[in-house]
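A structural walkthrough
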Amino acid sequence: MTQLAAPGEGITYEELQLATRNRGMPLEGLRYDVTPVGLHYLLVHFDIPAVDPDTWRLAIDGAVATPLHLTLDDVRSRPARTVPVTLECAGNGRARLSPRPISQPWLLEAVGTAEWTGTPLRGILDDAGLGDDVVDVVFTGADRGVQGDLEQAYQRALPPSEALRDEVMLVYEMNGRPLEPQHGFPLRLIVPGWYGMTHVKWLTRIEAMTTPFAGYQHEAYRYIQAEGEQGEPVTRMKVRALMVPPGVPDFFTRTRLVGPGIVPITGRAWCGTAPVARVEVGVDGEWREAVLGAATGPWAWRQWSFDWEASRGDHVVMCRATDANGNTQPVEQPWNLNGMGNNLVQEVRVQVR
Ligand SMILES: Nc1nc2c(c(=O)[nH]1)N[C@H]1C(S)=C(S)[C@@H](COP(=O)(O)O)O[C@H]1N2
Ligand SMILES: [Mo]
């Protein structure tokens, strides 16, 4: 049900409407280890639901030995941990595809790293007692709307093998403060390493199912070339590096202006399947090794830097990361119908003068 823009068709009013609701992280935000909440990217499919924390309950039911109904205090009194996690929307980069899938028109900025505080999901699932025949654990948010002609609550599922991983959490704080309404208050799921759609906000229910879940938001995230194809599900974040655009911008074109000489370039790189092993910077097509810095955490981005000896003239600066399995980023734009998992290298135009 994905619509494609006609060749050469500009951003539509509907795309602009989504873009003004769902903001990206301005790339200068890459300078912070932990993204300030107000700079973290945001994606809300429907409306931000109003949740009263006093009457809110989390139901854990379905194929479990003991169904649970937890209050927010119940969740908060469980063992807590705080972990920095990088989130990236699976649709990041979609607006550059040709033809363009009509949806939230991200360029590069749908990423952020926050310190999430909460409790391991596994403890709660163990208390409920997942049945041996459970194949999917379904997470439901309090938000509702229509997508693909279907009225729905926002729902995503994980197989028990993923839901029971040690790092998966139910979180109630972001950067040391209660979740803000737009980021899932009062409770959201965090699945480190996975693309954004998995981290269900405004959680109300966790249901253990003995048949595979086929909800809309679950099926929509697949790598397909045409409607009706089965394809592979979108799961973990592919390797990617982004840089803070150097120098100062031209207001309208965002072309960068710098003086000649050494221009320090810094950025972050992340990957949901393996550690980041390498970052390179390409200037006018010539690639050089960047220096890797520390990762903000085992599930968060890693800093990198590069000193560019800039000579007068117009240049194109790019960056590309490679993970420990040898996967790297494409320099030519790949295409898929929903514009998912796009990790094309970033390209910044710079005028040295
Ligand atoms: N309930 C609910 N959870 C949701 C969404 C949503 O629309 N509703 N959007 C998902 C998507 S597509 C992304 S990319 C992330 C964005 O999280 P953030 O807005 O906190 O950055 O939330 C995910 N969780
Ligand atoms: Mo997303």
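Parameters at a glance
- Residues numbered from 1 in each chain as written.
- Chains lettered and ligands numbered in written order.
- Predicted model: local features only at pLDDT ≥ 70, side-chain atom pairs only at ≥ 80, totals over all residues.
- Heavy atoms only, no water.
- Helix = DSSP H or I, 4+ residues; strand = E, 2+ residues; numbered from the N terminus.
- Rg over C-alpha atoms; globule rule 2.2 N^0.38 Å.
- Buried < 20%, exposed > 50% of the residue type's maximum accessible area, 1.4 Å probe, protein only.
- Contact = heavy atoms within 4.5 Å.
- Areas by Shrake-Rupley, 256 points an atom, 1.4 Å probe, with all protein chains shown as cover.
- Lys, Arg positive; Asp, Glu negative; His and termini not counted.
- Charge placed at Lys NZ, Arg CZ, Asp CG, Glu CD.
- Near = heavy atom within 4 Å.
- Polar contact = N/O pair within 3.5 Å; in protein donor to acceptor, adjacent residues only side chain to side chain.
- Nonpolar A, V, L, I, M, F, W, Y, C, P; charged D, E, K, R; others polar.
- Phe/Tyr/Trp six-rings, centres within 6.5 Å; stacked < 30°, edge-to-face > 60°.

**Focus: the overall build of the protein**
Looking only at helices and strands, one finds 5 helices and 22 strands in the protein. A globule of 353 residues ought to have a C-alpha radius of gyration of about 20 Å, and the protein, at 21 Å, matches this closely. If one aligns the C-alpha atoms of the protein with their principal axes, the spans along those axes are about 70 × 45 × 35 Å. For the protein, buried positions account for 51% of its 353 residues. Of the contacts formed within the protein by residues at least 6 apart in sequence, a portion of 73% connects residues at least 24 apart. Of the roughly 15700 Å² that the protein leaves accessible, carbon and sulfur atoms contribute 51%. Computing the positive centroid from 32 side-chain charges and the negative centroid from 43, the protein places the two 5 Å apart.

**Things to note about the site of ligand 1**
Near ligand 1 lie 18 residues; those nearest to it are Y41, D143, H183, R188 and K201. A distance of 3.4 Å separates an oxygen atom of ligand 1 from a polar atom in the side chain of H40. In this structure, an oxygen atom belonging to ligand 1 sits 2.9 Å away from a main-chain N or O atom of L43. Coverage of ligand 1 by the protein amounts to 100% of the 540 Å² it exposes when considered alone. The class makeup of the residues in the shell around ligand 1 is 10 nonpolar, 5 polar and 3 charged.

**Focus on the packing of aromatic side chains**
Enumeration over the complete set of coordinates arrives at 2 aromatic pairs. Their ring planes at 80° and their centres at 5.9 Å tell us that Y41 and W106 sit as a pair that is edge-to-face. On the criterion of sequence distance, the pair formed by Y41 in the loop between α1 (13-21) and β1 (58-62) and W106 in the loop between β3 (81-88) and β4 (111-120) is long-range, its members being 65 residues apart. Judged by relative accessible area, which is 6%, Y41 ranks as buried. Their ring planes at 55° and their centres at 6.3 Å tell us that W270 and W301 sit as a pair that is tilted. Of this pair, W270 sits in strand β16 (residues 261-270) while W301 sits in the loop between β19 (291-295) and β20 (302-310), placing them 31 residues apart in sequence.

Keep in mind these values describe shape, not function.
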